[in-house]
Amino acid sequence: MSVHSMDSDWSGSGNDQGVEDPRRGSYQDQLTIQWEQDPYETDPRLTVHLLDLYFLHAGRATYGMFPRRPFIAWVESNHEKNQDQLMLLYTVLAMGSLFSSDPDKRVLGKRFAAVASYAAEKRFGRFTLQLCQSRLLLALYFFARGKSQEAWDFCGAGLRAISALKLNTEEGVRELAENDPDLDFGFDRWTYEECCRRTFWSGLLMDVSYDVTKATTSPNLAQQQRYNCFFGGTLFVISMEDTYVRLPSPDDMYEASTPCEAPYYDEDLLSGQGTQSHRLGHMAYLCLISAVWGDVLTFTGRAARRPSSGYEQSYERFYAKTFERLEAWHSMLPPDLQYTPQNLDNSIVEGYAGTFMSLHALYHATIIRLNRHIRVSAMPIEKLRRNVEHAVRHASNFIAMMHPLAPANRQQRLPPTAASEFLFSTSFLGYALMLSIDVLTSAGTFSTLPRLIETVGTTMTCIDELASFWASARAQQKAVSNRLKQLTDIAVQEGQGVRNGSFGQFWRISDSLETAFANDDAVYRVEDQTLFDVVSQLASR
């Protein structure tokens, strides 16, 4: 039976007002009734379709909490799902609906999210694995829709539930499995424990970052996060020093429910001195680089608010240690995750491009942030020049990675099926791309300006795609469009013989897209000649 034929259940959800308006007398009654219904029993085809979208764009690309085939098999075969399981299923379907091109399915997704939110509220204080998972995914859903307050609330609640269940420890993981004799989702013991671990690591990836200052360009653009891009002005909830749980196992082993032991999270893994004798899942590499990104956000944010005395020494110590960790992480990537154009194409064809590009986006964004967000007045000119060089080089490298992913370019290069099925859907890439464009378009030479305009114009179509799914990308889209207009205006003025200031062969833009750095911005607050020397070197390569 089609979902749209169920007048008593979902047909009214075509009117979004019915989802959002709790003043309707029967609103909570409708949610209560629907919470008791299994969406798979109501409409199997729609349910599986939304599950496929979820695993393609969220469940595999970033937050790999569930193994796809075993999870879908459980949805199809279990006809007696309990309230927690139904709450989670509605949440997953809501997430999947975000990536549908069908407006009706997106509206249904709002209905599913309303049911899941209502269920999560009613399960308040009853900590279960599904409650953790539902809260985290509802945070992601509301973030995608631009509802930041709701997103932060669900994210914080999810992280507190993770803490209550002690999922940051192997003891907590084992205890949860032992207290659930039936083991949810039809998983065996090892798969269930791995699901618990991945729920913790998903929470870490979603952990809200330390906000350094003001909004970025507009109130809605200040969306950063350890990974997903929240920017709520709150401290990290999860401390890496309190993480005593194994890293995510290889994805093929998890999918096949084949037991294996990944190593515990350990700082030595990124010290350059540790030995790696175990295979890791793609998600594990994402978590490791996310830990470095989080440390950079924390250090640069705190340092901006502290006295200048001793700043250079403290910064240089952190700088050296962080580069050591970044180099160790980069060197431990397996061959298929190292960046090459062929590996990028392979990741698209094989379905893990979201993870593949997210790894490299985090790597380059971390280096850009580390080098760019500094106390400019407290650093000597040679250190400023070094930092600007690193920021410009890595911004250029990341844009070069993203350029082949622009729709026009990948359609020319990839097999027709892969090109048509691939959707750009991983939110952090929008922030990393905006950050890189901000650096690369801060200054340049008139001779290279036409090529820069073409590169930015082509690459920003990736953000255009993201804007179909993520509210944060729509703000980034507006910011980058304005920057592209600035560049075009400079080129037009140059063609008319009117130059931007008295910079000779160079032009420079004074205002950053990422205004959160304020005056602590090595790229936008360094002296003209230092910046021109760096961009001149880049242009000559």
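Residues numbered from 1 in each chain as written. Predicted model: local features only at pLDDT ≥ 70, side-chain atom pairs only at ≥ 80, totals over all residues. Heavy atoms only, no water.

Visitor: I keep staring at the overall build of the protein and nothing clicks. Help me out?
Guide: For the protein, the count of helices and strands is 25 helices and two strands. For the protein, with 541 residues in total, the buried portion stands at 60%. For the protein, the proportion of contacts with a sequence separation of at least 24, taken over those separated by at least 6, is 75%. (Helix = DSSP H or I, 4+ residues; strand = E, 2+ residues; numbered from the N terminus. Buried < 20%, exposed > 50% of the residue type's maximum accessible area, 1.4 Å probe, protein only. Contact = heavy atoms within 4.5 Å.)

Visitor: I tried to follow the nonpolar core on my own but got confused; where do I start?
Guide: One recurring pattern in soluble globular proteins: nonpolar side chains tend to sit buried together. Counting residues in hydrophobic clusters, the biggest one holds 180 residues, and the most contacted among them are Phe66 and Trp201. Take this core: its biggest share by element is 14 residues, from helix H13 (residues 282-303). Other than its neighbours up to four places away in sequence, phenylalanine 66 contacts Tyr54, Phe55, Phe71, Leu88, Val92, Gln133, Leu137, Phe185, Cys195 and Tyr254. (Core = buried A, V, L, I, M, F, W, Y, C linked by side-chain atoms within 4.5 Å.)

Visitor: Would you take a moment to explain helix H6 (residues 83-97) for this structure?
Guide: Residues spaced three or four apart along an α-helix face the same direction, because each turn holds 3.6 residues. Look at H6: 21 Å from first C-alpha to last across 15 residues, which is about the 21 Å you get at 1.5 Å a residue. The element H6 is largely enclosed, with a buried count of 14 among its 15 residues. Backbone nitrogen of aspartate 84 and a side-chain oxygen of the N-cap are separated by 3.1 Å at the start of H6; the cap is asparagine 82. (Expected span 1.5 Å × (residues − 1). Polar contact = N/O pair within 3.5 Å; in protein donor to acceptor, adjacent residues only side chain to side chain.)

Visitor: What should I look at first to understand the packing of helix H9 (residues 148-164) against helix H11 (residues 189-206) in this one?
Guide: Between two packed helices, the angle of one axis relative to the other and the distance separating the axes together describe the packing. Contact geometry of H9 with H11 gives a least axis separation of 10 Å together with a crossing angle of 140 degrees. Here H11 runs oblique to H9, going by the angle between their axes. Like other packed secondary-structure pairs, H9 and H11 cross with a definite hand, here left-handed. Within the contact between the two elements, H9 uses Cys155, Leu159 and Ile162 and H11 uses Thr199, Phe200, Gly203 and Met206. Grouping the constituent residues of the contact of H9 with H11 by class yields five nonpolar, two polar and no charged. (Axes fitted to C-alpha atoms, helices over the stretch in contact; angles between N-to-C directions. Parallel < 35°, antiparallel > 145°, perpendicular 65-115°, else oblique. Left-handed = near helix turned anticlockwise from the far one by under 90°. Nonpolar A, V, L, I, M, F, W, Y, C, P; charged D, E, K, R; others polar.)

Visitor: I keep staring at the pattern of salt bridges and nothing clicks. Help me out?
Guide: For side chains bearing opposite charge, pairing can occur when the charged atoms are close. As enumerated under the stated definition, the model contains 30 salt bridges in all. Salt-bridge contacts for aspartate 438 lead to arginine 372; the nearest nitrogen and oxygen are separated by 2.7 Å. You can see aspartate 438 sitting in helix H20 (residues 428-440) and its partner arginine 372 sitting in helix H16 (residues 353-372), a full 66 residues away along the chain. In this structure, a network of salt bridges that share partners links the residues Glu170, Glu178, Arg189, Glu193, Glu194, Arg197, Arg198 and Asp251. (Salt bridge = Lys/Arg side-chain N within 4 Å of Asp/Glu carboxyl O.)

Visitor: What should I look at first to understand the environment of methionine 87 in this one?
Guide: Residue placement: methionine 87 occurs in helix H6. The buried category is assigned to methionine 87, whose relative accessible area is 0%. Separated by 46 residues in the primary sequence, methionine 87 and glutamine 133 place their C-alpha atoms 9.8 Å from one another.

Visitor: Looking at this model, I keep getting lost on the packing of helix H17 (residues 381-402) against H20. Mind explaining?
Guide: Interaxial distance between H17 and H20 falls to 8 Å at its minimum, and their mutual angle equals 130 degrees. Our classification of the angle between H17 and H20 gives oblique. The hand of the H17/H20 crossing is left-handed. Contact residues: Ala391, Val392, Ala395, Ser396, Phe398, Ile399 and Met402 in H17; Leu429, Ala432, Leu433, Ser436, Ile437, Val439 and Leu440 in H20. A breakdown of the residues in the contact of H17 with H20 according to their chemical character gives twelve nonpolar, two polar and no charged.

Visitor: Is there a simple way to explain the environment of asparagine 78 in this structure?
Guide: With respect to the helices and strands, asparagine 78 occurs in the loop between helix H5 (68-77) and H6. Using a relative accessible area of 22% as the deciding quantity, one classes asparagine 78 as partly exposed. For asparagine 78, the side chain forms a polar contact with the main-chain nitrogen of glutamate 80, separated by 2.8 Å.

Visitor: Sorry, what's going on with the side chain of glutamate 255 here?
Guide: Structurally, glutamate 255 can be placed in helix H12 (residues 251-255). By relative accessible area, glutamate 255 is classed as buried at 17%. Of note is the side chain of glutamate 255, whose polar atom sits 2.9 Å from the backbone nitrogen of arginine 68. A distance of 2.6 Å separates a polar side-chain atom of glutamate 255 from the backbone nitrogen of arginine 69.

Visitor: Quick question: what am I supposed to make of the packing of aromatic side chains here?
Guide: Aromatic rings in a pair are described by how distant their centres are and how their planes are angled relative to each other. Following the criterion strictly, the structure yields 30 aromatic pairs and no others. Summarising the aromatic geometry, the rings of tyrosine 54 and phenylalanine 55 are spaced 5.0 Å apart at their centres and angled 80 degrees between planes, so their arrangement reads as edge-to-face. Phenylalanine 55 sits in the buried class, given a relative accessible area of 4%. Pairing phenylalanine 299 with phenylalanine 318 gives two aromatic rings, centres 4.1 Å apart and planes at 10 degrees, and the pair type is stacked. Highlighted residues: phenylalanine 299 in helix H13 and phenylalanine 318 in helix H14 (residues 311-332), separated in sequence by 19 residues. In this pair, the class of phenylalanine 299 matches that of phenylalanine 318, namely buried. Taken together, the ring pairs in this structure connect Tyr54, Phe55, Phe66, Phe71, Trp74, Phe185 and Phe187 into an aromatic cluster. One Lys or Arg, arginine 375, reaches over the ring of tyrosine 311 and ends 5.6 Å from the middle of that ring. Sitting over the face of the ring of tyrosine 319, arginine 386 holds its NZ or CZ atom 4.0 Å from the ring centroid. (Phe/Tyr/Trp six-rings, centres within 6.5 Å; stacked < 30°, edge-to-face > 60°. Lys NZ or Arg CZ within 6 Å of the ring centre and 35° of its normal.)

Visitor: What is the right way to look at the environment of phenylalanine 318 in this model?
Guide: According to the relative accessible area criterion, phenylalanine 318 is buried, its value standing at 15%. Spatially, the C-alpha atoms of phenylalanine 318 and aspartate 295 are 9.6 Å apart, while their sequence positions differ by 23 residues.

Visitor: How do you make sense of unusual backbone geometry when you look at a structure like this?
Guide: Excluding glycine, residues mostly carry a negative phi; peptide bonds, for their part, are mostly trans. Phi at leucine 183 is positive, roughly 55 degrees, even though this residue is not glycine. Tracing the backbone through its elements, the reader meets leucine 183 in the loop between helix H10 (170-178) and H11. In this model, serine 257 sits at a positive phi of 55 degrees, which is unusual for a non-glycine residue. Counting through the fold element by element, serine 257 comes out in the loop between H12 and H13. Looking at serine 257, the relative accessible area reads 24%, which means it is partly exposed.

Visitor: Looking at this structure, I do not really get the confidence of the model for the protein. What am I missing?
Guide: Low-pLDDT portions of the prediction should not be read for the details of their coordinates. Per-residue confidence for the protein gives a mean pLDDT of 86; residues scoring 70 or more make up 87%. Throughout residues 1-19 the model reports pLDDT below 50, and contacts reaching past four residues in sequence, or to other chains, amount to 37 contacts. Note on residues 208-235: pLDDT is under 50 here. Beyond four places in sequence and across chains, it has 122 contacts. (pLDDT = per-residue confidence, 0-100.)

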